[in-house]
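Given next are the chains, with one letter for each unit.
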Amino acid sequence: MGDDSEWMKLPVDQKCEHKIWKARLNGYEEALKIFQRIQDEKSPEWGKYLGLIKKFVTDSNAVAQLKGLEAALAYIENAHVAGKTTGEVVSGVVGKVFNQPKARAKELGTDICLMYIEIEKAEVVQDELIKGLDNKNPKIVVACVETIRKALCEFGSKIITLKPVVKVLPKLFESREKAVRDEAKLLAVEIYRWIRDALRPPLQNINSVQLKELEEEWVKLPTAAPKQTRFLRSQQDLKAKFEQQQAAGGDEADGDDEEETEVQVDPYELLEAVEILSKLPKDFYEKIEAKKWQERKEALEAVEALTKNPKLENGDYGDLVRALKKVVGKDANVMLVSMAAKCLAGLAAGLRKKFGTYAGHVVPTILEKFKEKKPQVVQALQEAIDAVFLTTTLQNISEDVLAVMDNKNPSIKQQASLFLARSFRHCTPSTLPKSVLKPFCAAFLKQVNDSAPEVRDAAFEALGTAMKVVGEKAVNPFLADIDKLKLEKIKECADKVELVGGKKGGSAGGEKKEKPAAKAPPPVEAPAKPSGPPKKAPPAKAAGPLKKGKPASAPSGKSKKAPDTKEVVETELSLEVCEEKAATVLPASCMQLLDSGNWKERLASMEEFQRAVEQMDKSEMPCQALVKMLAKKPGWKETNFQVMQMKLHIVGLIAQKGSFSKTSALVVLDGLVDKIGDVKCGSNAKEALTAIGEACSLPWTAEQVVSMAFAQKNPKNQAETLNWLANAMKEFGFAGINVKAFINNVKTALGATNPAVRTSAITLLGVMFLYMGAPLRMFFEDEKPALLSQIDAEFEKMQGQSPPAPIRGAKKAGGEEEGEKAEEEEVDGGAGDIMDLLPRTDISDKITSDMVSKIGDKNWKIRKEGLDEVTAVISEAKFIQANIGELPLALRGRLNDSNKILVQQTLGILQQIATAMGPALKQQVKNLGIPIITVLGDSKSNVRAAALTTLNAWVEQTGMKEWLEGEDLSEELKKENPFLRQEVLGWLAEKLPTLRTVPADLMLCVPPLYTCLEDRSGDVRKKAQDALPTFMMHLSYEKMSKATVKLKPASKDQVVGMLEKARAVMPAKPAAPAKAAASKPTSSAPSSKPTSAPARNQTPCEDYSEPEPKPDTKKTKPAGPVAKKGVVGKKPPVKAGAKDEEDRSGPIFILVPNGKEQRIKEEKALKILKWNFMTPRDEYVEQLKTQMSTCLAKWLQDELFHFDFQRHVKAIGAMIEHMEAESEAVISCLDLVLKWFTLRFFDTNTSVLMKALEFLKLLFTMLSRKNYQLNDNEASSFIPYLILKVGESKDVVRKDVRAILTMLCKVYAASKVFPFLMEGTKSKNSKQRSECLEELGCLIENFGMNVCQPTPAKSLKEIGVHIGDRDTTVRNAALNTVVAAYNTCGDQVFKLIGNLSEKEMSMLEERIKRSAKKTPAPAAKQERTQREHPTNPNATFLRKPAQEEVPNKLNQARAQNAHLEQSAPSIPKEFQLDLDVFENNHTCASDIPDLVQHKLDEVLEPVMIPERKMRTVSPHFDDIHNSTASTINFVISQVASGDINTSIQALAQIDEVLRQADKAEAMSGHIDQFLIATFMQLRLIYNTHMADDRLDKKDIFKLYSCIIGNMLSLFSMESLAREASMGVLKDLMHGLITLMLDSRVEDIEDGQQLIRSVNLLVVRVLEKSDQTNILSALLVLLQDSLTSTAGSPMFSELVMKCLWRMIRFLPQTINSINLDRILLDVHNFMKVFPKEKLKQLKSDIPHRTLKTLLHTLCRLTGAKILDHMSMIENRNESELEAHLRRVVKHSTNLSGLKSDKSTEKGALRSDDKVIKAKVSDILSEIFKKIGSKENTKEGLTELYEYKQKYSDADLEPFLRNTSQFFQSYVERGLRMIESEREGKGRIQSSTVIPQHSTDSYLPSSSSVSISSNGEDLNAAAYYERLKILRQRRGLENSAPEEDRPPLSSLRPSVASSTDMLHSKLSQLKESREHFQQEQSHSHSPTRSSSPASNLDDLKKRLERIKSNRQ
């Protein structure tokens, strides 16, 4: 007992493993109690016993084992994890329980097996039980069989897979043990209950006695279908239904179930495939060719015996089929023919779909052989062809059957029709679409009139069967010509037909029950309705065809063809009858005067005629009689054009209003064609033709009209006919047009001598190309190259355009082509119809047996010869028919040729065949297409690439359906070839998403796909994973998940995980095109767009649109079944939602105290994964899911982790709603919420992303309101992932992310955000880099340099790296960021940023020079407030736009201008100044002492206090300081608009200002800005508008005129014209000269006039603008044009002409020219083009121009010219100086004059030499003084006076080696002295010190109106007012510091207009910066750029500040 007490203390799970059986027994008993007590199936308690359950059932002690089995059963029933134990437990049951003597043990064992099946583990249980059948112990075998039988009895054949069970049955019947045989017999009876006769074939070989016994048992079975009585856990709904039925005692669903099971179980599937190819007699192929028929018979007998096997193994049966086919086709012995036919039938039956490859090969032969009369042969052939039909589709063999339908032999015709009749019985409406049925019906209609009665009967039977299958309504349109008697006979046949479904057809209603015709009922029921409703239905369905058509033209909506055909056969009436009929409806006077000799009487008669026609009713109108009256003499020979016009108009009226027949049309067409080219009557004739086209169909009318026109010789008529036809095609659409009928006439027209005819023909071809595409060109490949190039040019124009939606034409049937049929038509018909029009050659006779044997030769060279011959044959034929004889099999052999070159050549041939054969290629897919896929497994990549190209070329012609049908594709994927697998899967992944539907056979590819997911090759695995979602979109997740049950457990888990992932990214199916719209694109205005686009390219996104509730309201009637389907599909989710709604009340965020702290601790202790990854792995998602489960409501958790993105959107919506109310709880789980959103950043779905960003914006707003600060854990797991999205390609996303980053700084220290952004700048994504850099700039700007972490130096060095980035936006962002730093800490930036390359440094300096300076604190504060303002959260930082973004930015500025007024008042400004108070109170007290009051007109007088200077207030300040400047800026910004009208309006407004002298002054200061906008517009017109054919050239001409008019007005005012700077003039001249050379302008009407105006403008610009600037601009422009290789030589020629003109005027203008600058430009020019290089140019004119310019300057200035070279560095090295000296010397020698002047000059020169000698001494003395502390001021004064005296003195050598600070100091000192001495007026002009004049653009105060930051519109006005106030206070600086270049660089910088444009745009965008800038000047007029560390400098600065303040 001691022992007992020991184990009693142990826990239960340990007892169960104890070595003492009693302990185990006790353990099992307790475990059983525990298992029965646990409520939650997912309880962790179950996990403890997971490994023990096998021991429970295999216990060695019988007593304990029994209890163990009970416990195991309870465990399996209740535990969620029990499924994992299935294999081991069932195996234990089979081995250790079924052999037990106790019945109870066996019973429990069986129950365990059945319970496993109930928990969805049927496959595993069945495998283990079948393994048990091989056990040597018969007891075990019996128990296993019994268990299988019970399982089948209870669960049914759907859950228990019968195939493996049936396979082992025969073996069980052979057992020696009677008990086994008896149990097998019971099992066989049970199986028979479920699958009936399908069991017979597999058991046909068992003992006959046993079989007889079985038969007896089978007979006793009830006929009612068995029912499933036990259900899986997933089938609880079925269980409930079954229980209800049991309770009600009814079994209504019997019939349905029976049918379903019959459909499901196919005996063929239960059979084992037999391999017969190896069993063929070795000499079979010799014998089959033997001359003796007995030998051939022996060979066939051997094959016949083998083919009797009901299921055959797949293999290459090509040779065998060929041999049999040869016997059928050519053997003279009919007995052998029937034997061979039986063999073929056996092969087809045994191989089923796998025989499809050979079907096309044998069908023609069998059909031809039907000429045999002997019944046994005919019967054998019928059996063979029927068996073959079941292996393929009707579509694939339709060509072959149609080919024999008009054979001379009646037997062949009869048998072909009978074959079709039998085939139709196997079809359904979907497998017998109209596109297939139409040609057959046409053939049958011929046969119903055949002389042979058997042929007629066969045709009737076939038509009857077709009618039965697809319904009367679908067949009727094809039977329009048939008489009533025959129609009745067809209907009679239809009633007799019995379809394969087994239901006898008695009435139309009978069809409803049929499975195969399941889709037929709607068309059958419909005819009752259409007679009424269709008038409404078609507009809804076919997008409104009847709205346009006249009511008369839509007879009844049933079918337009019937009335049409009646009218076509309308008999021609004699003239007398016509006169009688006409007399009854026309006034007598009208009749009499019709042929009067007086034209006025004829005209009056016509008027009466017209009135009568207009009032006539359609039913009363005798159309033929009326048109014959019109044709009556003089008829169409009418000489008076008015009468003729009226006559033509009446013809059109009659055609529109009456029932106009083709007979009537033929009366008038000739006359109409005759008049179509008439100048006066042509338009009426065309209208009449269009009306006839509507009445009699365009295809017929067009054919008649074109043939009549080309029968004449009048070229005008021919041209106009083609023009009419081109237009008519656009109006009517292309449906039914017979291209062949036109092609020859079009070819004639193309060869016409008259150019108008040729042009019209080419235009018509262009229109046809819209509908036909590339195939059209193939008709004209033989034309002359010149003509072909014209045709190609026309096609090129049409490329990419979609054909317009038809607006005319009587539509054939309202609701005739509904639903799927219309789709079918669209899919099959579209391209096919056009391809069918091409004339095709039959090349079968050219594919000789000799050629085929060559292709199969042993010698590769001969094989190549054979292939070359094939290529030649196909090339010659261009388009070929489907019949290509023996070629497919021959080429197939070459696809696995050992010589890879031949394989590639074969692939090339197959590509050729694809193009040449067109859609008929479908029937070759199995034969030749699948072998192409095999080639994808080739080891050579070039061969694989060729195979893929070929494959795609084939798919283009055939579509994907044929490739996916059957097992071929899955067989290919089963091959263990990594290349093959990866190529095929890649190809499928690309093709599947484009399909709307796929054959069910795609499911066969799933097992091999799963194998590929675990392939050894990484590439295969990757491709398989990529293909997974595309398979799932068609097969559904559920089906694919089900398919995993056959996988091994380890594989299954892996695959299921992948399936889950794939489910999340599963693409949506492409939306089906709007039903009728796709089949007939005949819509009116609103719906025309979607219909006209080809329906094939539908994008998946269409699936996301709202699921059709609104349109359905109209569509319900015609779209019956479709609508229902939609509704049914939507109901279940709604219900589920309603249930869930109950659970969704209450809070969704749950507050867990200290939850967040705990999670942070766990992460630090590494107990859980740190949130750090490149892409989120499953374990992260699972971890988050677990963590969130405690913090969120369960339903929300489910939504958040659902695979469907729409659920995510809903969940975020719910979170937004609850966020404010549950803010505390949100903050408590903020870390988890943010982590979940990081996962969403990895989603590809934009709608989720946008919703997520919306939530985050609201979240951070809430957090900042609560003053919450993020902890580091939250920040580090969120910010890096947010920064990833800042590089998103979509603007809207980037904008939101930037807004969130801005808000982030309120809840997390900016200095901590900075390193994350720095990390973001290292990204490979350039957008991310640039956005991060800009954000860094914002941080520096708003928070100062302290924000830079770890140190400013390190940060700036890293930022500086990006200045050299390849991407422009990144460069700009980096520069802007450094500028922001510069504005914060000044020149210290240069130290911090470290070494930059020369180029990068110059870019930075340039940007700093242009940018705004340091922003004062209040403004910074204000800016932050604005950034936080919700109206525009993204406007955070001055961004310099890249050049290409310019127009866009202008538009933004304009757009924002509209919103600013509303948003302005809401901006809080804590330190705002009330400018009005200052302005109105001039004595306002401040730090500044009171000043003397001045009147405005006395402003120019100097003020008494020398330190403070007053600045002139420009007289128009008072006018513009409110709004003029901002208005002008806005209008100018619109000049550069991309919209022509906007630009024209803006130009008109400016023109108005310019034309009025008093207002024109307002433009001052805006000239550069205006000119930039203008030449941008010129560039836009040149590059974009002129190339856009859609724009009207008149509009462009108007815009040009406005631009040139404005310019002329501007340049007629010299004061304004002189404001234009050099860079802008350069670009303006470039634009104008380009325009003069634009050949396209000449094509515009009045183009010459425009060019003359431009000429005039150029002259005006040369005369009126600043002469220095324009001369300089022309020189730079000449240099650019000569450097550029792309430019036209004419361009430089015109620039030089301008220069020559300037040279001519130099004598008058020399005094106003700054020669220093001109010589600098010439010097630069000569540096680029030295004399030698200039002479090498093609033309010597540039050289001569330059010489003339210099010579003229020398002539006008003499030797003084040499004093004007101050701006040139190293002038001694300059080629220019040498040249000038030569010229000066030469001119003095020539003159020979020794006048006073010359001696004076000489004296001057000698003075110069003396001065130069002293210069260095004097200057070095002065610079010493400046350097000393005491005499610095004195030194500066001396230097200033020296500079005044010697203006050309070169200070460069003395400044070069000094520090930057010293240079700035000297420069500033000189400037202060200058301002003290000179006064303001002089300083402003640039002529005082010419060296200082600069053309770089200086921001003008009046041009800063538009702010894009959401501040008020009047910022600029405030700025102006502030300026005036400061002037009144004497605070205005003498000149802004930044406007002057440093003295060290006396060369002016030529600012390109692009830079100015940037500058302008930044002004438009950031007016505030300038406001701040001015303030900064006033506060620190002498700001030093030096580092603050220099103590001496600081002292100096203090002294200066004190002196200024005194």
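The shown structure was predicted, so the numbers you read here are calculated from the model rather than taken from an experiment.

(A) Region of interest: the packing of aromatic side chains. For the structure shown, the criterion picks out 28 aromatic pairs. Seen in terms of ring centroids, F284 and Y285 are 5.0 Å apart; in terms of plane orientation they differ by 75 degrees. Their pairing is edge-to-face. Among the residues examined, F284 registers a relative accessible area of 1% and is labelled buried. Ring plane angle 15 degrees and centroid distance 4.8 Å describe the contact between F1237 and F1255, whose orientation is recorded as stacked. With F1237 in helix α68 (residues 1230-1240) and F1255 in helix α69 (residues 1246-1265), the pair connects residues that are 18 residues apart, well separated along the chain. For F1255, a relative accessible area of 0% translates into the label buried. One aromatic cluster in this structure is built from Y28, F35, W46, Y49, F56 and Y75.

(B) Fine view of the pattern of salt bridges. Under the counting rule described, the total for this entry stands at 73 salt bridges. Between K325 and E886 there is a salt bridge, and its shortest N-O distance comes to 3.3 Å. In this pair, K325 is assigned in helix α19 (residues 318-330) and E886 in the loop between α47 (860-877) and α48 (887-894), connecting sequence segments 561 residues apart. A salt bridge links K686 to E720; its shortest N-O distance comes to 2.5 Å. Of this pair, K686 sits in helix α39 (residues 682-696) while E720 sits in helix α41 (residues 715-732); the two residues are 34 residues apart in sequence, bridging distant segments of the chain. Salt bridges sharing common partners tie together D1291, R1294, R1298, E1331, E1334 and E1335.

(C) Here's a closer look at a positive patch on the surface. Where like charges cluster on the molecular surface, the positive patch consists of K1731, K1735, K1747 and R1782. Mapped onto the secondary structure, R1782 falls in helix α98 (residues 1775-1791). We classify R1782 as partly exposed; its relative accessible area is 48%.

The rules behind each value
- Residues numbered from 1 in each chain as written.
- Predicted model: local features only at pLDDT ≥ 70, side-chain atom pairs only at ≥ 80, totals over all residues.
- Heavy atoms only, no water.
- Phe/Tyr/Trp six-rings, centres within 6.5 Å; stacked < 30°, edge-to-face > 60°.
- Buried < 20%, exposed > 50% of the residue type's maximum accessible area, 1.4 Å probe, protein only.
- Helix = DSSP H or I, 4+ residues; strand = E, 2+ residues; numbered from the N terminus.
- Salt bridge = Lys/Arg side-chain N within 4 Å of Asp/Glu carboxyl O.
- Patch = residues over 30% accessible without salt bridge, like charges linked within 9 Å, V, L, I, M, F, W, Y side chains within 5 Å.
- Areas by Shrake-Rupley, 256 points an atom, 1.4 Å probe, with all protein chains shown as cover.
- Lys, Arg positive; Asp, Glu negative; His and termini not counted.
- Charge placed at Lys NZ, Arg CZ, Asp CG, Glu CD.

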